[in-house]
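Coordinates in review
As a plain string of letters, each chain reads:
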Amino acid sequence: MNPRVPRARVGHDRWLVSYADFITLLFGFFVVLYAFARADEKKQQQVSHAIDTAFHAMGMAQNAPGASPAPASAGNSSDQDSTAQSAQSANSVVTEDILTPIQIRDDLDRLRLDLTHSLSGQVASHSISLEMGRDGLVISLREAGFFQSGSAAPKPEALPTLRFIAARLGATPYDLRIEGHTDNVPIHNAQFNSNWELSTARATGIAQLFLELKAISPDRISAAGYAEYHPVAGNATPEGRAENRRVDLVVLPRTQINFAAPASADATGTWHKVTDE
């Protein structure tokens, strides 16, 4: 008869070893996450602002007024304030200094397409036009859509559109020159003695509105009145005079680029004017 073989003793606490290993790994995992989160909060905020600005440049802004003359999204003052603040924050991250001339030209053209789409209703009604001028992007605000005849105060129904434009331009690194223009019909009323005064008052009024919205830094804004001396159409017809009565928002890059001239870029991305020789 074979002797009995004693059974091996079964340990019921071996799971503690695996459990301890799991807890140690989990603790290490959360320590690493915490270290990454605290590594450089400022740099993460800059990356976030840069991504937000890139989406705006691609025409993916969430506060676009759509196709209506009085955008509904611009009716909430708190939303407008937050849009203006985020635009100012973006300005501190994305600067024109890091862009080459060819990138500036392309960026302004994307801005033109973005605003043309966002303001399609106003563009279709001819109260706004957008084109590349000699100095940069020109956003023309026609008198019929934004001012009463002989008045420098914007119409109340035009304020949402002006707020949207201010916030959108505030998200760019460029300067803004606001130009007032009139037709050649002399004016003399209780407020203004000449077209010079009217055109200047309209330009400075828009500038003051943009400053009150705090969407654009004051050192980036300038205003000028040109009266009837920079027409874009003839003053012999009512249609021509209507085109001349306008306020132009000229988006200006600080880099000297002649936008009206044909141009080419070399391999380094430097922009050159093409001359006929």
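Residues numbered from 1 in each chain as written. Predicted model: local features only at pLDDT ≥ 70, side-chain atom pairs only at ≥ 80, totals over all residues. Heavy atoms only, no water.

The chain is annotated in an unreviewed UniProt entry as Chemotaxis protein MotB of Candidatus Sulfuritelmatomonas gaucii. Here the chain is described in UniProt, under the heading Subcellular location (unreviewed entry), as follows: "Cell membrane". One UniProt comment on the chain, placed under Sequence similarities (unreviewed entry), says "Belongs to the MotB family." (UniProt positions renumbered as here; feature names shortened; annotations may be inferred.)

Notes on the environment of aspartate 183
Here aspartate 183 shows up in the loop between strand S3 (175-181) and helix H8 (195-213). Separated by 58 residues in the primary sequence, aspartate 183 and arginine 241 place their C-alpha atoms 5.2 Å from one another. In terms of polar contacts, aspartate 183 uses its side chain to reach the side chain of arginine 245, at 2.7 Å. (Helix = DSSP H or I, 4+ residues; strand = E, 2+ residues; numbered from the N terminus. Polar contact = N/O pair within 3.5 Å; in protein donor to acceptor, adjacent residues only side chain to side chain.)

Section: the nonpolar core
Core analysis: the biggest nonpolar cluster contains 35 residues, and Ile139, Leu169, Ile178, Phe210, Leu249 and Val251 have the highest contact counts within it. Looking at this core, the elements that each hand over two or more residues are helix H4 (101-118), strand S1 (128-132), strand S2 (137-142), helix H7 (159-170), S3, H8 and strand S5 (246-252). Each residue touching leucine 169, except ones within four places of it in the same chain, is listed here: Leu111, Leu115, Ile139, Leu176, Ile216, Arg220 and Val251. (Core = buried A, V, L, I, M, F, W, Y, C linked by side-chain atoms within 4.5 Å. Buried < 20%, exposed > 50% of the residue type's maximum accessible area, 1.4 Å probe, protein only. Contact = heavy atoms within 4.5 Å.)

Some thoughts on the confidence of the model for the chain
Taken as a whole, the chain shows an average pLDDT of 78; of its residues, 67% reach a score of 70 or greater. Across residues 57-94, confidence stays below pLDDT 50; counting only partners more than four residues off in sequence or on other chains, it has 63 contacts. Scored below 50 in pLDDT, residues 264-277 makes 23 contacts in the model with residues more than four places away or belonging to other chains. (pLDDT = per-residue confidence, 0-100.)

Details of the sheet that holds S1
On the basis of which strands lie adjacent, the open sheet formed by 5 strands has the order S1-S2-S5-S3-S4 and mixed pairing. In this open sheet, the two strands that pair with only one neighbour each are S1 and strand S4 (221-225). Put simply, the sheet's adjacent strands are angled 20° from each other on average, direction ignored. With 5 bridges joining them, S1 and S2 adopt antiparallel strand pairing. (Pairing = 2+ DSSP bridges. Axes fitted to C-alpha atoms, helices over the stretch in contact; angles between N-to-C directions.)

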